[in-house]
Amino acid sequence: MDGANTTFVLISTAMVMLMIPGLGLFYAGLVRAKSALSTVMQCFICMGVVGVVWVLWGYTLAFGESIGGFIGGFNHFALQGVALEGADGELSPMLFMLFQGMFAAITPALLAGAFAERIKFSAFLVFVVLWSSLVYSPVAHWVWGGGWLGALGALDFAGGNVVHMTSGVGALAAAMVIGRRMGFPREPMEPHSIMLVLLGTGLLWFGWFGFNGGSALAADGIAVNAFVTTNTAAAAGALTWMLITWRFGGGKPSAIGAASGAVAGLVAITPGAGFVEPMPALLIGIVAAIVSYAAIEFRIRRQLDDSLDVWGIHGMSGTWGALAVGLFASTALSDGGVFTGNSGQFVSQLIATVATWAYAFIVTWILFKLVDVVMKVRVSEADEAIGLDASQHGEQEGSAV
C-alpha cells in the first residue's frame, strides 16, 4: 500500500469521527439545558449503533455487489472479503470501509436535531438501526457503490446527497410526524449555551477537512483542492449569515448566525469540494447562507418544529450544493458543468436530487410511523416538561432550566 495515502486517510477517518461529538456539542448548545445531555447522547450513541450495524450489514448494503443498481448484496456481510491491504498500491479496502463508516455514523446524528427534546431514547435507537439500513445505505450505494445514480453520471464528492440531503429531508419528515415541542411556538426556547455552539462549530469545521479532503482517498492535488474549497465556502457562509442577521435580525451580528452560516457553507461545498475551484466555492458558500436563512424563515412562518433546523441547513444547503456541482464543476477536475459547456451534468445532478428527496422523505416518514406504532416515539408530557436528561437518562449536567 502507499504509505502516504494510507496515513492521510487514517487521519481523515479520525477527523470525521471527531465531528460526531462536535455535532453533539453544537446541538446541545442550541437546546434548553434540561435536554442538553440527551442531545449529546443521541449523537454520541450513533457511533455505537452504526458502528456495529455498519460492519455487520450496512457496509455490504452500500458497497456490496450491486443488485439492480439499487442496493448492495450480502457478499461483504460481517466484512467477508474485505481485505486489509489493497492491491498494486490501492487504498486498503478495510480502511475504506472504516472511513465510510464514519459518514454512516454522523448522518443519523445530524437527523436527530429535528426532534430534539421530545423523543424516547429507546425509540431513537430502533429508528437509527432501521434508517441507517434502509435509507442511508441504499442511497450511498446509488451514488458511490456502483448504483444507478453513479452510472447516470451524478457527482457527489463527499456526501451532499448521501449525507446531507438524506438527513435534512429525513429530518423534515420526522419533524412532521413527531409534532411540535410543548409550548412551541408560544414559549421562548432559547439556546442555553452559545459557547457550546461555537465550540461545536469549530470541531465540525476542523473535522470537515477530513470529511471532504479525505474523500479524495489520496494525498494529492484533489485533496488539496478540497481543503481549500471547504475552508473558502465555510468562511463565506459564516460572513454572509452574520451580515444578514446584522442587517435584518435586530441590528446585531449574531454568533449563532455566524456558526450556522459556516455549517451551511460546509454542507453546500461537500458534494463539489473536489470538483469545483476556489472562486466558485466562495459563491457556493454565500448562496448557501442565503438559501438556508430563507428556508428557516419559511419554516418559522409555517410553525414547523424542526428543532435545530436540520432541514433548513443540511437539506437545503445540501440541495443547493448538489445542483451547484452541475453549474460550476471544473474541466480540470471533472467533465465540467453548465458554465463549461456540459449542461448534461446539471441534468444528472437534478435527477439525483429529486430521487434522493423523494426516497429519503417517503422512507423516513414510513419508518418513523412504524416505530411510533410499535413503541411510541414521543416521551410523555411529564417527561418532556422535566427534560430528557432526567427522564431518559437519570443524569443532569448543572442546572436544568
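Refer to the structure above for everything that follows.
Residues numbered from 1 in each chain as written. Predicted model: local features only at pLDDT ≥ 70, side-chain atom pairs only at ≥ 80, totals over all residues. Heavy atoms only, no water.

1. A short note on helix α3 (residues 93-111)
Under the 1.5 Å per step criterion, the end-to-end length of α3 is 28 Å for 19 residues, consistent within 8% with the ideal 27 Å. Counting buried residues along α3, 16 of its 19 residues qualify, which places the element largely inside the surrounding structure. The opening residue of α3 is Ser92, an N-cap whose side-chain oxygen sits 3.2 Å from the backbone nitrogen of Met94. (Helix = DSSP H or I, 4+ residues; strand = E, 2+ residues; numbered from the N terminus. Expected span 1.5 Å × (residues − 1). Buried < 20%, exposed > 50% of the residue type's maximum accessible area, 1.4 Å probe, protein only. Polar contact = N/O pair within 3.5 Å; in protein donor to acceptor, adjacent residues only side chain to side chain.)

2. Considering the packing of aromatic side chains
Under the definition given, this model contains 25 aromatic pairs. Considering the side-chain rings of Trp208 and Phe211, the 5.6 Å spacing of their centres and the 55° angle between planes classify their relative orientation as tilted. In this pair, Trp208 and Phe211 both sit in helix α7 (residues 194-213), three residues apart, roughly one turn of the helix. By relative accessible area, Trp208 is classed as buried at 2%. On the basis of relative accessibility, which here comes to 0%, the residue Phe211 falls in the buried class. Between Trp241 and Tyr293, the ring centres sit 5.9 Å apart and the planes meet at 85°, which makes this aromatic pair edge-to-face. (Phe/Tyr/Trp six-rings, centres within 6.5 Å; stacked < 30°, edge-to-face > 60°.)

3. What to know about the pattern of salt bridges
Taken as a whole and assessed by the stated rule, the structure comprises six salt bridges. Between Glu117 and Arg32 there is a salt bridge whose closest N-O contact spans 3.0 Å. Within this pair, whereas Glu117 is found in the loop between α3 and α4 (121-144), its partner Arg32 is found in the loop between α1 (3-30) and α2 (36-63), the two being separated by 85 residues in sequence. By the burial criterion, Glu117 is buried, and Arg32 matches it. Of the charged contacts in the structure, one is a salt bridge between Arg181 and Asp305, with a shortest N-O distance of 2.8 Å. Here the residue Arg181 occupies a position in the loop between α6 (160-178) and α7, and Asp305 occupies one in the loop between α10 (278-301) and α11 (310-328), the gap between them amounting to 124 residues. (Salt bridge = Lys/Arg side-chain N within 4 Å of Asp/Glu carboxyl O.)

4. Examining the nonpolar core
Among the nonpolar cores identified, the biggest contains 118 residues, and Trp54, Phe115, Tyr136, Phe211 and Phe368 are the most heavily contacted of them. Beyond its immediate chain neighbours, meaning those up to four positions away, Phe368 contacts Phe115, Ile119, Phe127, Ala174, Val177, Ile178 and Val377. (Core = buried A, V, L, I, M, F, W, Y, C linked by side-chain atoms within 4.5 Å. Contact = heavy atoms within 4.5 Å.)

5. A look at the packing of α7 against helix α9 (residues 255-269)
One can describe the packing of α7 onto α9 by two numbers: an axis separation of 10 Å at closest approach and a directional angle of 15°. With respect to α9, the element α7 is oriented roughly parallel. Crossing of α7 against α9: the hand is left-handed. On the side of α7, the interface is formed by Ile194, Val197, Leu198, Thr201, Leu204, Trp205, Trp208 and Asn212, while α9 contributes Ala255, Ile256, Ala259, Ala262, Val263, Leu266, Val267 and Ile269. Its residues placed into classes, the contact of α7 with α9 shows 14 nonpolar, two polar and no charged. (Axes fitted to C-alpha atoms, helices over the stretch in contact; angles between N-to-C directions. Parallel < 35°, antiparallel > 145°, perpendicular 65-115°, else oblique. Left-handed = near helix turned anticlockwise from the far one by under 90°. Nonpolar A, V, L, I, M, F, W, Y, C, P; charged D, E, K, R; others polar.)

6. Side note on α4
Bending of α4 peaks at approximately 40° at the position of Ser132. In terms of residue burial, α4 counts as a mostly covered element, since 17 of its 24 residues are buried. Of the residues trailing α4, Gly146 is marked for its positive phi of about 95°. (Bend = angle between axes of the 7 residues up to and from the residue.)

7. Notes on the packing of α3 against α4
Two elements in contact, α3 and α4, have axes separated by 10 Å at closest approach and are oriented at 125°. By the angle between their directions, the pair α3 and α4 is classed as oblique. Of the two elements, α3 crosses α4, and the hand of that crossing is right-handed. Two secondary-structure elements touch here, α3 through Gln100, Phe103, Ala104, Thr107, Pro108 and Leu111 and α4 through Phe127, Val128, Trp131, Tyr136 and Trp144. Taken together, the residues of the contact of α3 with α4 break down into nine nonpolar, two polar and no charged.

None of the figures reported here should be taken as evidence of function without further support.
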